[in-house]
Amino acid sequence: MIYTVTFNPALDYVVRLPELAPGEVNRTDSEDIQLGGKGINVSCVLGQLGFESVALGFVAGFTGEAVEAGLARRGVKSDFIRLPEGLTRINVKIKAGAETEINGRGPAIPAAALEELFHKLDALTAGDVLVLAGSIPSSLPSDVYQRILEKLAPKGVLCAVDATGELLVKVLPYKPFLIKPNNHELGEIFGRILHTGDEIVECARLLQDKGARNVLVSMAGDGALLLDEEGGVHRLEAFKGKVKNSVGAGDSMVAGFVAGWLEKGDWAWALRLGSACGSATAFSDTLATRAEIDALLQR
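**Some words on empty space enclosed by the protein**
Then step 1. Summed over the entire model, instances satisfying the criterion amount to 1 cavity of 30 Å³ or more.
Then step 2. Of the voids in this model, the largest cavity is the one considered here, and its volume is about 30 Å³.
Then step 3. Together, Val-129, Leu-158, Phe-177, Val-258, Trp-261 and Leu-262 line the largest cavity.
Then step 4. The biggest single contributor to the lining of the largest cavity is helix α8 (residues 249–264), with 3 residues.
Then step 5. Residue composition of the lining of the largest cavity, grouped by class: 6 nonpolar, no polar and no charged.

Encoded structure:
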């Protein structure tokens, strides 16, 4: 089974308008409410690809109930821990030429609730897949990803981590199956700006030396690069299309890569499917559908 963890789910209120006029009343052309949170995005795209998953994490209040109901409508299973206080956050995404985001803080997660999540994760066994994606709320200890991998790595659970900075670096000794920085995040880890593919490969190898089994680097319009655990280096040019939406593209890539690997056990196919999923989301107003993904794969 595939499990995803979203520590801070959200309802994303997406509004579109020709331009944003500060200090004035702005009228939207269209508006939409979408499910938000990186792990939730991964679960939704996995569902489009025919892979069942269970979304884990924390929800609170009537907005948390809306997240659970939204996942159920999409056929995605969830097993969230309900918090006694607060509200699952609402994020505002303004698309008016440039994208502007106003993200809520979300509820505080008490220590007892975190222990309940650890208890759920203790049930995972060899062959299960766990996806940890995104930042963590300030109410949680900074080593929470590290503690999760420390528990699960010896059990043979395949862990994929999509995080930045120290949150990512601290899990490397536990040999995560997959990490997915973008090229800018990869450079920031080493205090560098990466200009060439060779420089990206060099830094990705350093992360492998620290413990990562497979390093998937997204590079926006420059495509994607994968260093696999067998020593292979795979490069893929970007799919062509008009970018409409950056939210969820990286999560979609993770979902596609995991699904591709589970489907065929082939690194090149996992990279291609992951790239198609990420691009299809970027070319859409919402997360990619199976039809949009297939259309890119058929090019």
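Alright, that's what it looks like, and here's the rest.
**Observations regarding the nonpolar core**
Then step 1. Phe-7, Leu-117, Leu-121, Leu-130, Tyr-145, Ile-148 and Val-161 are the most contacted members of the largest nonpolar core, which totals 47 residues.
Then step 2. Contact partners of Tyr-145, with chain neighbours within four places excluded, come to Phe-7, Leu-132, Ala-133, Gly-134, Ser-135, Ile-136, Val-161, Ala-163, Leu-167 and Val-171.
Then step 3. The next biggest cluster of nonpolar side chains, apart from the first, holds 38 residues, and it includes Leu-49, Val-129, Val-254 and Leu-296.

**Concerning the confidence of the model for the protein**
Then step 1. For the protein, the mean per-residue pLDDT works out to 94, and 100% of the residues sit at or above 70.
Then step 2. Across the protein, element-level confidence peaks in strand β11 (residues 178–179) with a mean pLDDT of 98 and bottoms out in strand β8 (residues 98–102) with 84.

**Things to note about helix α3 (residues 111–121)**
Then step 1. Of all the residues in α3, the buried ones are Ala-113, Leu-114, Leu-117, Phe-118 and Leu-121. Around the axis of α3, the buried residues are gathered within 150 degrees of arc, so they sit on the same side. Along α3, the residues that are exposed and aim more than 90 degrees away from the buried face are Ala-112 and His-119.
Then step 2. Buried residues in α3 make contact with β1 (2–6), β4 (53–59), β6 (81–82), β9 (129–133) and α4 (144–152).

**A closer look at a nonpolar patch on the surface**
Then step 1. A grouping of Tyr-13, Ile-33 and Ile-90 is seen on the molecular surface, where their side chains present a nonpolar patch of about 280 Å² in accessible area.
Then step 2. Mapped onto the elements of the fold, Tyr-13 is located in strand β2 (residues 10–16).

**Some remarks on the packing of aromatic side chains**
Then step 1. Counted under the stated rule, the structure contains 6 aromatic pairs.
Then step 2. Seen in terms of ring centroids, Phe-177 and Trp-261 are 6.2 Å apart; in terms of plane orientation they differ by 40 degrees. Their pairing is tilted. Note that Phe-177 is positioned in the loop between α5 (165–169) and β11 and Trp-261 in helix α8, a separation of 84 residues in sequence. In this structure, Phe-177 and Trp-261 share a single accessibility class: buried.
Then step 3. Ring plane angle 10 degrees and centroid distance 4.1 Å describe the contact between Trp-261 and Trp-267, whose orientation is recorded as stacked. Each member of the pair, Trp-261 as well as Trp-267, carries the same accessibility label: buried.
Then step 4. It is Lys-264 that lies over the ring of Trp-269; its NZ or CZ is 4.2 Å from the centre.

**Some details on the sheet that holds β8**
Strands pair in a sheet through their backbones, by hydrogen bonds, and they do so in one of two ways: parallel or antiparallel.
Then step 1. Strands sit in the order β3-β2-β7-β8 across an open sheet of 4 strands; the sheet is mixed. The strands lining the two open edges of the sheet, one partner per strand, are β3 (30–36) and β8. Strand-to-strand twist across the sheet, computed as the mean angle between neighbouring axes with direction ignored, equals 20 degrees.
Then step 2. Examined bridge by bridge, strand β7 (residues 89–96) and β8 share 5 bridges and lie antiparallel to one another.

The rules behind the values
- Every chain is numbered independently, its residues counted from 1 as its sequence is written.
- Local features in this predicted model are restricted to residues whose pLDDT is 70 or higher, and side-chain atom pairs enter the listing and the counts only when it is 80 or higher, whereas totals over whole chains, interfaces and linings include all residues.
- Hydrogens are left out, water is left out, and the side-chain values use all remaining heavy atoms of the structure.
- A pocket here means an open set of points on a 1 Å grid, computed over the protein atoms alone, that has protein on both sides within 12 Å along at least five of seven lines. A cavity is instead a set of points where a 1.4 Å probe fits but cannot get out; residues with an atom within 4 Å of a point line either one.
- Grid points are joined across faces, edges and corners, and a volume is the space filled by probe spheres set on the points.
- The numbering of helices and of strands both runs from the N terminus, where a helix is a DSSP run of H or I of at least 4 residues and a strand a run of E of at least 2.
- Amino acids outside the nonpolar list (Ala, Val, Leu, Ile, Met, Phe, Trp, Tyr, Cys, Pro) and the charged list (Asp, Glu, Lys, Arg) are all regarded as polar, and Gly is one of them.
- Among buried residues, the Ala, Val, Leu, Ile, Met, Phe, Trp, Tyr and Cys ones that are joined through side-chain atoms within 4.5 Å form a nonpolar core.
- Three exposure classes are used, based on accessible area relative to the maximum for each residue type with a 1.4 Å probe and protein chains only: buried under 20%, partly exposed in between, and exposed over 50%.
- Between two residues, a contact is recorded if the distance between any of their heavy atoms is within 4.5 Å.
- Values of pLDDT, ranging from 0 to 100, describe the predictor's confidence in every residue of the model.
- By construction, the arc corresponds to the directions joining the helix axis to the C-beta atoms.
- Note on patches: the residues involved have over 30% relative accessible area and no salt bridge, like charges join within 9 Å, and the nonpolar side chains Val, Leu, Ile, Met, Phe, Trp and Tyr join within 5 Å.
- Only the protein chains shown count as cover for residues, with accessible areas throughout obtained via the Shrake-Rupley method and a probe of 1.4 Å.
- Salt bridges are defined as contacts in which a side-chain nitrogen from Lys or Arg sits within 4 Å of a carboxyl oxygen from Asp or Glu.
- When two rings of Phe, Tyr or Trp (its six-membered ring) have centres within 6.5 Å they constitute a pair, described as stacked for plane angles under 30 degrees, edge-to-face for angles over 60, and tilted for the intermediate range.
- Think of it as a cone above the ring: NZ of Lys or CZ of Arg counts as a charge over the ring if it is within 6 Å of the ring centre and within 35 degrees of the ring normal.
- When DSSP finds two or more bridges between two strands, those strands count as paired.
- Lines fitted to C-alpha atoms define the axes here, with helix axes fitted over just the stretch in contact, and angles between the N-to-C directions of these axes take values from 0 to 180 degrees.

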